[in-house]
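# Residue-level structure breakdown
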Amino acid sequence: EESARLARNIVIAKMANCRTVALRAARESEEPETARRLRETAELLAGKIRTLHKPAPLNIVRGQEGEAAKFYFAIFDDMICAQKEAFQFHKRSRRPPLDNVNTLLSFVYTLLTHDMRSALEAVGLDPAVGCLHRDRPGRPSLALDMIEELRPVIADRLVLSLINRRQVQPKGFITSETGAVIMSDDTRKEVLVAYQKRKQEEIEHPFLKEKIQIGLIPHVQALLLARTLRGDLNQYPPFL
């Protein structure tokens with residue numbers, strides 16, 4: 001029950017943050033039909049959030065998260081408005097990534113997972129013991145849990161900006177004989193620099209009500225989770 005409760009908070013925050021990214025893209029879109037699809041998906045995500053307002057078992061939480069991810073990634077291509085030929089997104093592919101957009105997403109998700117893993121260890125939590133992701137040998141399940149709510153606002157928005165602002169170019173991606181797409185060293189360096197700059201930007205943390213750098217969000221969320229598990233907070237406040 002405690003695992004389901006924590007997972008539900010994380011998934012609700014993930015859905016809400018995906019919805020925010022979609023609505024932002026709808027406002028910025030110059031294509032009425034594209035904006036309509038984005039707003040419709042935002043409404044679908046709002047419906048998913050409402051279904052999780054009541055306690056639910058872990059398998060239901062996981063199922064709702066999976067459905068919400070399908071809705072969100074179905075409109076991800078609509079949020080790409082530059083270099084469309086080279087950066088088309090059809091569906092999420094992970095191991096290996098099969099197109100330029102998936103390669104960018106996987107790389108930035110990996111960077112975010114490393115940051116979260118370090119943050120969890122720093123506050124005395126085991127990154128391998130998750131609740132939303134099942135425990136598997138060698139997998140940082142808790143770190144993967146905790147980045148779910150951060151992926152839309154930190155990673156996805158960064159990837160969209162890199163493409164739409166033409167900071168990455170099609171020539172920086174190579175398709176191997178197996179079909180996997182990899183980045184050139186120069187492109188990887190460009191993404192790393194952009195990620196570090198993104199981490200230096202400041203926002204007001206929604207729970208602490210204090211200005212912090214984006215790069216500190218994993219540490220703050222890990223600290224809030226640790227305080228929740230130790231009984232200092234009634235429930236985990238996710239990043240919204």
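Described below are features of the structure shown in this document. Remember, predicted model here, so these are calculated numbers, not experimental data. (Residues numbered from 1 in each chain as written. Predicted model: local features only at pLDDT ≥ 70, side-chain atom pairs only at ≥ 80, totals over all residues. Heavy atoms only, no water.)

## Here we look at the overall build of the protein chain
For clarity, the threshold we go by: By the criteria applied, helices consist of DSSP H or I runs no shorter than four residues and strands consist of E runs no shorter than two, each listed in order from the N terminus. In this description the radius of gyration comes from C-alpha coordinates, and the expected globular size is given by 2.2 Å times residues to the power 0.38. Summary of the burial criterion: residues with accessible area below 20% of their type's maximum are buried, those above 50% are exposed, and those between are partly exposed, where the area comes from a 1.4 Å probe applied to protein chains only. Only the protein chains shown count as cover for residues, with accessible areas throughout obtained via the Shrake-Rupley method and a probe of 1.4 Å.
Looking only at helices and strands, one finds eight helices and four strands in the protein chain. Taken from the N to the C terminus, the helices and strands of the protein chain come in the order α-α-α-α-α-α-β-β-α-β-β-α. Taken over C-alpha atoms, the radius of gyration comes to 18 Å for the protein chain, in line with the 18 Å a tight globule of 240 residues would show. Its C-alpha atoms put the protein chain at 50 × 40 × 35 Å along the principal axes. Classification of the 240 residues of the protein chain by burial places 51% in the buried group. When the accessible surface of the protein chain is summed, it comes to about 12,700 Å², and 50% of that surface belongs to carbon and sulfur atoms.

## Comments concerning helix H7 (residues 185–200)
So the rule is basically this: In this scheme, a helix's expected span is set at 1.5 Å multiplied by one less than its residue total. Our arc is simply the arc of the directions from the helix axis toward the C-beta atoms. Whether two residues touch is decided by their heavy atoms; if any such pair falls within 4.5 Å, the residues are in contact.
Over its 16 residues, H7 extends 23 Å from the first C-alpha to the last, a length consistent with the 22 Å expected when each residue adds 1.5 Å. Regarding H7, the residues found buried are Thr187, Val191, Ala194, Tyr195, Arg198 and Lys199. When H7 is viewed along its axis, its buried side chains cluster within an angular range of 140° and face the same direction. Structural note: H7 exposes Asp185, Asp186, Lys189, Lys197 and Gln200 on the side pointing more than 90 degrees away from its buried face. Elements that come into contact with the buried residues of H7 comprise helix H4 (100–122), helix H6 (151–164), strand S1 (173–175), strand S2 (181–183) and strand S4 (211–213).

## Brief notes about the nonpolar core
Condition: In plain words, nonpolar cores are sets of buried Ala, Val, Leu, Ile, Met, Phe, Trp, Tyr and Cys residues tied together by side-chain atoms within 4.5 Å.
Of all hydrophobic cores here, the largest spans 73 residues; its most connected members are Phe76, Met79, Leu104 and Leu120. Residues contacting phenylalanine 76, with those up to four places away along its chain left out, are Phe89, Val101, Leu105, Asp156 and Leu160.

## Observations regarding empty space enclosed by the protein
Filter applied, for reference: Definitions used throughout: a 1 Å grid over protein atoms alone; a cavity as a set of points that fits a 1.4 Å probe which cannot get out; a pocket as an open set with protein on both sides within 12 Å along at least five of seven lines; a lining residue as one with an atom within 4 Å of a point. Grid points are joined across faces, edges and corners, and a volume is the space filled by probe spheres set on the points.
Tallying each qualifying case throughout the model produces two cavities of 30 Å³ or more. Space inside the largest cavity adds up to approximately 40 Å³. Looking at the largest cavity, the residues that line it are Lys14, Cys18, Ala69, Tyr72, Phe73, Tyr109, Arg151, Pro152 and Asp156. Elements with a minimum of two residues in the lining of the largest cavity: helix H1 (2–28), helix H3 (58–74) and H6.

## A word on the environment of threonine 34
The topology assignment puts threonine 34 in helix H2 (residues 32–51). Using a relative accessible area of 11% as the deciding quantity, one classes threonine 34 as buried. Once the C-alpha coordinates of threonine 34 and methionine 79 are considered, the two residues, 45 residues apart in sequence, prove to be 8.5 Å apart. In this structure, threonine 34 is in contact with Ser29 and Asp78, ignoring residues within four places of it in sequence.

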